[in-house]
Amino acid sequence: MTTIALSHLLPDASTISQDGIFHIANHSVPALAQAYGTPLYIYDRTTIINACKQYFRAFATHYHASPVRILYASKAYLSPLIAKLMAEQGMGLDVVSGGELLVAQQANFPMERVSFHGNNKSEDELQLALQLGVGRIVLDNWSELERLTRMVRQTGQKGKQPGVLVRVAPAVDTDTHRYLQTGHASSKFGFPLVNGEAKSAILRILSEGTVRLLGLHAHSGTMLRETRPYQECLERLLQLVGEVYAETAWWPEEISPGGGWAIDTPDNSATLAVQILARDLQLSMQRGLTAISSPLPAPTLVIEPGRSIIARAGVAIYRVGARKPTPGGITYLFVDGGMADNIRPALYGALYTAFAVDKANAPLQENVCISGRYCESGDILVEDVRLPFMYEGDLLALPTSGAYCLPMASNYNFVPRPAVLLVDENNVHLMQRRETYQDVLSRY
Ligand SMILES: Cc1ncc(COP(=O)(O)O)c(C=O)c1O
């Protein structure tokens, strides 16, 4: 693929100079690689801001059935600077661990805008959430419900009931990789809907009165290319609300069909606009409310995009260390990163492509396999891509590396993790410094 054909995968502020040098926000990427080393992850601030604005605009224009809140799913990539940026953009934050909560705290993120997800929150993590006053704790299962209830009773702060949501497994099927499905009947996440457990959990919370039930949540999967799973989620949640309302007169303040909107990939550039999601959720909210004919105000709709906010903003830059043609016919380009900074191709077959950073306009001459430096045959970043002839020392860019790469990074083979930059026209921020051997060894 030429770099022009790749433009739908690149950050908004990407340019290629006449001599074929890749720039982000007018910064020469080879110069950044020289200054900060490789592997290097570069995030374009403008792309992140544009993506947030696009969500707000789409819902402001196409969704009128109720108020809307948009939360950034921080598991996609989080740092204090990103948390600050999200706060400035008016986003909420979805976190899933004590660590993510502490990053939010370090960034002074408004805690009332935080939702604490996760399927196995420890007592320490729940304690931290209570102490910080997070807006919502999303209860995933009976153990968590009991744990939190016990903790709140022990501290016994009357009038300070934490706000909770019940996570429901809505039995919604999705057309995505098995590891990316989260809302099916046998999902590890949430109280199952179909066997009545979700309703029982709600009734128990309401009858005990220890925590304050603010609403319901579901998330059917990620890399979703159709609105159907979102719609089914929302309508099933509303149906459940209707049943509970009839029995208890409880009515939710908010309801969420989660996140999961897809992004373009090298093999698929037909991602639907977020406007379509907003429009279809409007239909579902109206349909769901009509079906339960409640006189009460429509609950706030909460959407939780992660990947569609940040994936395209991030580009991974690697330096080629060696090329190895094999008698079997595959020519490898070995780069200085790999599965420890991006496990996604090995974990669930995520597709990436690559281009030459300092000869982006050069003719494409050979098919290569881009493989990492780690001791696994499965350490492959791009199985087959056509590139100009690449030499030792040349730089490669992998677009759409902004989501779920670094958050899942490891120190496999005791290799320190990459540096991360956040750039705009005026600034280059070292968002996360490169790990050192000393960092890696300091735990022993
Ligand atoms: C509960 C929840 N919300 C939102 C998301 C964000 O998904 P995505 O990054 O695909 O938008 C996830 C991702 O797994 C999730 O588990």
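Thresholds applied
- Residues numbered from 1 in each chain as written.
- Predicted model: local features only at pLDDT ≥ 70, side-chain atom pairs only at ≥ 80, totals over all residues.
- Near = placed C-beta within 6 Å.
- Nonpolar A, V, L, I, M, F, W, Y, C, P; charged D, E, K, R; others polar.
- Axes fitted to C-alpha atoms, helices over the stretch in contact; angles between N-to-C directions.
- Helix = DSSP H or I, 4+ residues; strand = E, 2+ residues; numbered from the N terminus.
- Parallel < 35°, antiparallel > 145°, perpendicular 65-115°, else oblique.
- Left-handed = near helix turned anticlockwise from the far one by under 90°.
- Contact = placed C-beta atoms within 7 Å.
- Buried ≥ 20, exposed ≤ 12 C-beta atoms within 10 Å, placed from the backbone.
- Expected span 1.5 Å × (residues − 1).
- Arc of directions from axis to C-beta.
- Pairing = 2+ DSSP bridges.
- Domains from an automatic or database assignment.
- Core = buried A, V, L, I, M, F, W, Y, C linked by C-beta atoms within 7 Å.

Notes on the site of the ligand
So, point 1. Lining the immediate surroundings of the ligand are 17 residues, of which A73, T222, G259, G306 and R307 lie closest.
So, point 2. Grouping the constituent residues of the shell around the ligand by class yields four nonpolar, nine polar and four charged.

Overview of the packing of helix α8 (residues 228–248) against helix α9 (residues 274–292)
So, point 1. At a closest axis distance of 9 Å, the pairing of α8 and α9 adopts a crossing angle of 25 degrees. The angle between the axes of α8 and α9 places the two elements in the roughly parallel class. The chirality of how α8 crosses α9 is right-handed. Contact with α8, carried on its side by Y230, Q231, L234, E235, L238, Q239, V241, G242 and Y245, involves L277, D280, L281, S284, M285, R287, G288, L289, A291 and I292 of α9 and no other residues of that element.
So, point 2. A breakdown of the residues in the contact of α8 with α9 according to their chemical character gives 11 nonpolar, five polar and three charged.

Comments concerning the environment of F191
So, point 1. Assignment of secondary structure puts F191 in strand β10 (residues 191–192).
So, point 2. According to the C-beta neighbour criterion, F191 is buried, with 24 such atoms within 10 Å.
So, point 3. Spatially, the C-alpha atom of F191 lies 6.2 Å from that of D140, the residues being 51 residues apart in sequence.
So, point 4. Among residues more than four places away in sequence, those in contact with F191 are N141, V166, R167, V168, A169, E197, A198 and A201.

Regarding α9
So, point 1. Given a rise of 1.5 Å per residue, 19 residues ought to cover 27 Å, and the 27 Å separating the end C-alpha atoms of α9 matches this to within 8%.
So, point 2. Listed as buried for α9 are V274, L277, A278, L281, S284, M285, G288 and L289. Each buried residue of α9 lies within a common arc of 130 degrees when the element is viewed along its axis, so the set occupies one face. Exposed residues on α9 whose side chains face more than 90 degrees from its buried face are T290 and A291.
So, point 3. For α9, the secondary structure elements touched by its buried residues are α2 (45–62), α8 and β13 (300–303).
So, point 4. Remark: S293 follows α9 within two positions and exhibits a positive phi of approximately 30 degrees.

So, the sheet that holds strand β3 (residues 27–28)
So, point 1. Across the sheet, three strands lie side by side as β1-β2-β3; this open sheet has antiparallel pairing. Among the strands making up the open sheet, the edge pair consists of β1 (14–16) and β3.
So, point 2. One ladder, built from two bridges, connects strand β2 (residues 22–24) with β3; its direction is antiparallel. By the bridge assignment for β3, I24 is matched with H27.

Some details on helix α7 (residues 197–208)
Because each turn of an α-helix spans 3.6 residues, side chains separated by three or four positions end up pointing in the same direction.
So, point 1. Helix length check: α7 (12 residues) gives 16 Å between terminal C-alpha atoms against 16 Å at 1.5 Å per residue, within 8%.
So, point 2. The set of residues buried in α7 consists of A198, A201, I202 and I205. The arc that holds every buried residue of α7, seen down its axis, measures 100 degrees, which confines them to one face. Turned more than 90 degrees from where α7 packs its buried face, S200, S207 and E208 sit exposed.

Focus on the environment of Q438
So, point 1. Along the chain, Q438 turns up in helix α12 (residues 437–441).
So, point 2. Among the residues examined, Q438 registers 8 C-beta atoms within 10 Å and is labelled exposed.
So, point 3. In this structure, the C-alpha to C-alpha distance between Q438 and P416, residues 22 residues apart in sequence, is 9.2 Å.

Overview of the domain arrangement of the protein
So, point 1. In terms of domains, the protein is made up of domain 1 (7–37 + 313–441) and domain 2 (46–310).
So, point 2. Facing the 25 residues of domain 1 at the interface are 22 residues of domain 2.
So, point 3. Elements that contribute at least two residues to the side of domain 1 that touches domain 2 include exactly α11 (344–348) and β21 (428–432).
So, point 4. When residues in the side of domain 1 that touches domain 2 are grouped by element, the largest group, three residues, is from β21.
So, point 5. When its residues are assigned to classes, the side of domain 1 that touches domain 2 shows 15 nonpolar, eight polar and two charged.

Focus on the nonpolar core
So, point 1. With 127 residues, the main nonpolar core has I42, I317 and L396 as its most contacted residues.
So, point 2. Counting residues per element, this core draws most heavily on α8, which supplies eight residues.
So, point 3. For this core, the two domains that each supply at least three residues are domain 1 (7–37 + 313–441) and domain 2 (46–310).
So, point 4. Not counting chain neighbours up to four residues away, the residues in contact with I42 comprise I24, V29, L32, V315, I317, L421 and V423.

Examining unusual backbone geometry
What is expected of a backbone is that most residues other than glycine have negative phi and most peptide bonds are trans.
So, point 1. Going from T38 to P39, the amide bond is cis rather than trans, its omega being -5 degrees.
So, point 2. In this structure, P39 sits in the loop between α1 (29–36) and β4 (40–44).
So, point 3. The backbone of A25 shows a phi angle near 50 degrees, a positive value even though the residue is not glycine.
So, point 4. Tracing the backbone through its elements, the reader meets A25 in the loop between β2 and β3.
So, point 5. On the basis of neighbour counts, which here come to 21 C-beta atoms within 10 Å, the residue A25 falls in the buried class.
So, point 6. The backbone of M223 sits at a positive phi, close to 65 degrees, despite the residue not being glycine.

Focus on the pairing of strand β14 (residues 314–325)
So, point 1. As judged from the four bridges shared by β4 and β14, these two strands associate in the antiparallel manner. By the bridge assignment for β14, Y41 is matched with A316.
So, point 2. Here β14 pairs with strand β19 (residues 395–398) via four bridges, running antiparallel. Considered in β19, the bridge of I317 is made with A397.
So, point 3. Between β14 and strand β15 (residues 331–335), which pair antiparallel and follow one another directly, the connecting turn spans five residues, one of which, G329, has a positive phi of 110 degrees.

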